[in-house]
Amino acid sequence: MIASQEHIFRAEDESQPLTRNLLRGLPELREILLLVEHLKEFPELGRVETLARLRHGEESFPLLAISFGPADPTTPVLALFGGVHGLERIGTRVVIAYLRTILELARWDEVTREMLRKTRLLMVPLVNPVGMYLKRRSNGEFVDLMRNAPVQAEGLSPWHLFAGQRLSPSLPWYQGAADAPMQTEAQALCDFVQREIFPARIALSVDVHSGYGRVDRLWFPYAKTREPFPNLPEAVALKHLLDRTHPNHIYCMEPQSRQYLAHGDLWDYLYDRYREDQPAGQFIPFTLELGSWAWIRKNWSQLFSILGVFNPRMPHRVRRTLRRHLFLFDLLYRAVRSPEPWTGLDRGERRRLMQQGLDYWYV
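Being a predicted model, the structure only gives us computed values, none of them experimental.

Visitor: Quick question: what am I supposed to make of the nonpolar core here?
Guide: Nonpolar side chains in soluble globular proteins tend to end up buried together. Judged by nonpolar contacts, the single largest core of 103 residues is most densely connected at F68, L204 and F220. Counting residues per element, this core draws most heavily on helix α4 (residues 89–108), at 10 residues. Apart from the residues lying within four places of it in its own chain, the contact partners of F68 are L39, L45, G46, R47, L99, I102, L103, L116, T119, R120, L121 and M123. Y212, W219, A223 and Y260 belong to the second largest nonpolar core, which has five residues in total.

See below:
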């Protein structure tokens, strides 16, 4: 199995083959490579590209993006991301689980094939492979990628470490030097989003994280301010779609700022840039924050493992986590295929939904 996975990238770049140690130490990448091999069965539906090559020591790590659907970047799109923080392996595994499902459906289900002809589905399951290999939240340069964008939150002191700090890379949540460009991983993600999402008039994304709270939270912008973001009416309309379609869902949907503010949020940065490039478009980047404290509450021994703080350990909890979010991705994918219920809002409906959002989340 490892030999076949190494072969995938030797064909692309003979000078930088993946080593057995890397594949053994990063089983998530190994699984992605195995699934990428299946894409060869559906060349008309799926393709893979390497967004960047990341060096650490003697190893070379590929940052992979998988795309389904038309090549036209104006086509409606759903994008899924995981592994921005290297310790949060479960986020990558959740995206991989949906990738596996889509690959199987594309093999036999005509409905899925039809959707993939008319919409795009993008996945970057492992944004920070070096950090995951090293069992580190940050990347190989000790930078927290989700604090690395050129965005500053309102009203936070420099000593508010959790929100992002520039004091020292030896401390967690390091943003990077103020005058430095974005890290390779963050820049590659931004370039990919700008190329593949910004041209689309209809776009949704989900970035899967873990490590906060006891419930699964579906966050939308902003992280930089407690002020409402411009697409609040559309976010409320999507919440109504989720509530009506799956009335027993487990998500607490809210703006991220309701929990905490943060500097350097990549999705705040990309959302604002999208609105500059596409003022008439509709793009909402969600963050799915898996409630890892519930896993710890059921198994206190996880507190004594750095990975246990962010990931379920018991096999049945892993399986439950991998299956419980597939319906959410499916609903959002259908929402970009049939966007009228959340984007076709007249002025009166937008005003009504805006007030609902303000009353519910911003009082």
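Visitor: Is there a simple way to think about helix α14 (residues 347–361) in this case?
Guide: Every α-helix winds through 3.6 residues per turn, so residues three or four apart in the chain are directed the same way. With 15 residues, α14 extends 21 Å between its outermost C-alpha atoms, agreeing within 8% with the 21 Å of an ideal straight helix rising 1.5 Å per residue. All of the buried residues along α14 are L353, G357 and W361. End-on view of α14: buried residues confined to an arc of 45°, all on one side of the axis. Along α14, exposed side chains directed more than 90 degrees from the buried face belong to R347 and R351. The inward-facing, buried residues of α14 contact β6 (216–220), α8 (232–245) and β7 (251–255). The N-cap residue of α14 is D346: its side-chain oxygen and the backbone nitrogen of G348 are 3.2 Å apart.

Visitor: Explain the layout of surface pockets to me, please; I cannot follow it from the model alone.
Guide: By rolling a water-sized probe across the atoms, one finds the places where empty space is left. Its boundaries defined by the atoms lining it, the largest pocket holds a volume of some 330 Å³. As for the largest pocket, its lining consists of 24 residues, of which H85, E88, R137, F162 and Y260 are closest to the centre. When residues of the lining of the largest pocket are traced back to their parent elements, those giving at least two are β5 (202–210) and β8 (282–290). Top element by residues in the lining of the largest pocket is β5. It accounts for three residues.

Visitor: Help me understand the sheet that holds β7, please; the structure alone is not making it clear to me.
Guide: What links the strands of a sheet is backbone hydrogen bonding, and the strands pair in either a parallel or an antiparallel sense. Spatial strand order, β1-β2-β4-β3-β5-β8-β6-β7: eight strands in an open sheet with mixed pairing. The outermost strands of the open sheet, each flanked by one partner alone, are β1 (46–56) and β7. Across this sheet, the average inter-strand angle for adjacent strands is 20°, counted without regard to direction.

Visitor: How do you make sense of empty space enclosed by the protein when you look at a structure like this?
Guide: For the structure shown, the criterion picks out three cavities of 30 Å³ or more. Approximately 50 Å³ is the volume found for the largest cavity. Together, W219, F220, P221, Y222, A223, Q256, D265, W267, D268, P285 and T287 line the largest cavity. By residue class, the composition of the lining of the largest cavity is seven nonpolar, two polar and two charged.

Visitor: I would appreciate a short explanation of the pattern of salt bridges in the present structure.
Guide: Oppositely charged side chains can pair when the atoms bearing their charge come close. One pass over the structure, following the stated rule, counts 19 salt bridges. Close ionic contact of D330 with R334 constitutes a salt bridge, the shortest N to O distance being 2.9 Å. Taken as a pair, D330 and R334 lie in helix α12 (residues 326–337) at a separation of four residues, close to a single helical turn. Residue classification places D330 among the partly exposed positions, given a relative accessible area of 29%. Assessed through its relative accessible area of 47%, R334 is described here as partly exposed. Note that R352 and E349 form a salt bridge whose closest N and O atoms lie 2.6 Å from each other. With R352 and E349 both in helix α14, this residue pair falls three residues apart, about one helical turn.

Quick notes on the rules
Residues numbered from 1 in each chain as written. Predicted model: local features only at pLDDT ≥ 70, side-chain atom pairs only at ≥ 80, totals over all residues. Heavy atoms only, no water. Core = buried A, V, L, I, M, F, W, Y, C linked by side-chain atoms within 4.5 Å. Buried < 20%, exposed > 50% of the residue type's maximum accessible area, 1.4 Å probe, protein only. Helix = DSSP H or I, 4+ residues; strand = E, 2+ residues; numbered from the N terminus. Contact = heavy atoms within 4.5 Å. Expected span 1.5 Å × (residues − 1). Arc of directions from axis to C-beta. Polar contact = N/O pair within 3.5 Å; in protein donor to acceptor, adjacent residues only side chain to side chain. 1 Å grid on protein atoms, 1.4 Å probe; cavity = no way out; pocket = protein on both sides within 12 Å on 5 of 7 lines; lining within 4 Å. Points joined across faces, edges and corners; volume = space filled by probe spheres on them. Pairing = 2+ DSSP bridges. Axes fitted to C-alpha atoms, helices over the stretch in contact; angles between N-to-C directions. Nonpolar A, V, L, I, M, F, W, Y, C, P; charged D, E, K, R; others polar. Salt bridge = Lys/Arg side-chain N within 4 Å of Asp/Glu carboxyl O.

Structural measurements only, silent on function.
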